[in-house]
Amino acid sequence: DAGVTQSPTHLIKTRGQQVTLRCSPKSGHDTVSWYQQALGQGPQFIFQYYEEEERQRGNFPDRFSGHQFPNYSSELNVNALLLGDSALYLCASSLGDTTQYFGPGTRLTVL
Amino acid sequence: GQQVMQIPQYQHVQEGEDFTTYCNSSTTLSNIQWYKQRPGGHPVFLIQLVKSGEVKKQKRLTFQFGEAKKNSSLHITATQTTDVGTYFCAGIFRDSWGKLQFGAGTQVVVTP
């Protein structure tokens, strides 16, 4: 039984570019949450998807958007990248509002 | 706003000693979860506390949830080198369905 998977593992972009990160939830899970973790800090909640709808959103600008597909996988899109967007992006899956299990993350570097 | 604060930020421990990390919330939590993140890794779920005054143990780890559901602690006895990492508490506030609010974490360094 595969856990949460994310792709790519690492990514380098330049300012102003756009990026798409992908997440496949743990088998049996229907909810996907995205978090941003800057170096030395705790993860910050970006948003959560359930039944293909954005259910909750944290304090992130509209440059951050997402999508959930019928198979429960999800994408995180970030437009007009800024240097400050450099971080580890974590996806967590759960069955509804139960325990969230995190994937290995995507390390995004913006130059 | 709703915040979760965690202290200490760093903890240097001699192997074999005990230590405690504390978590406090600005308002009442629905539940609190604890995660461990090894250097270069991702947060790994340790435990969830839901009930007021709840105490749970996992081998050398003891987790407590305060009576008012506004604070929590993680106590590790007889620290081992395998305990190295950052321990995060993450709370879920009422009416914030599944949105984990993480503390800043306690980075633990173990000296042999």
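Residues numbered from 1 in each chain as written. Chains lettered and ligands numbered in written order. Predicted model: local features only at pLDDT ≥ 70, side-chain atom pairs only at ≥ 80, totals over all residues. Heavy atoms only, no water.

Novice: Hey, could you go over the overall build of chain A for me, with residue numbers and the actual values?
Specialist: Of regular secondary structure, chain A possesses zero helices and eleven strands. Secondary structure elements in chain A, listed N-terminal to C-terminal, are β-β-β-β-β-β-β-β-β-β-β. Relative to its length of 111 residues, chain A is compact, with a C-alpha radius of gyration of 13 Å against a globular reference of 13 Å. The buried share of chain A, taken over its 111 residues, is 50%. Sequence separation of at least 24 residues holds for 51% of the intrachain contacts in chain A that already meet a minimum separation of 6. Approximately 5,200 Å² of chain A is accessible, and the part contributed by carbon and sulfur atoms is 49%. Taking the average location of the 8 positive side-chain charges in chain A and that of its 10 negative ones, the two points are 12 Å from each other. (Helix = DSSP H or I, 4+ residues; strand = E, 2+ residues; numbered from the N terminus. Rg over C-alpha atoms; globule rule 2.2 N^0.38 Å. Buried < 20%, exposed > 50% of the residue type's maximum accessible area, 1.4 Å probe, protein only. Contact = heavy atoms within 4.5 Å. Areas by Shrake-Rupley, 256 points an atom, 1.4 Å probe, with all protein chains shown as cover. Lys, Arg positive; Asp, Glu negative; His and termini not counted. Charge placed at Lys NZ, Arg CZ, Asp CG, Glu CD.)

Novice: Can you tell me about the state of the cysteines, naming the residues and giving the values?
Specialist: Inspection of the entire model under this criterion finds two disulfides over all chains. The partner cysteine of Cys23(A) in its disulfide is Cys91(A), sulfur to sulfur 1.8 Å. As the torsion about the S-S bond is roughly -50°, the Cys23(A)-Cys91(A) disulfide counts as left-handed. Separated by 68 residues along the polypeptide, Cys23(A) in strand S3 (residues 19–24) and Cys91(A) in strand S9 (residues 87–94) bring together distant segments of the chain. Between the sulfur atoms of Cys23(B) and its disulfide partner Cys89(B) the distance amounts to 1.9 Å. Here the S-S torsion is close to 75°, and the disulfide linking Cys23(B) with Cys89(B) is therefore right-handed. Remark: Cys89(B) occurs in strand S9 (residues 85–93) and Cys23(B) occurs in strand S3 (residues 19–25); sequence separation between them is 66 residues. Accessibility assignment for this pair places Cys23(B) and Cys89(B) in one class, buried. (Disulfide = S-S within 2.5 Å.)

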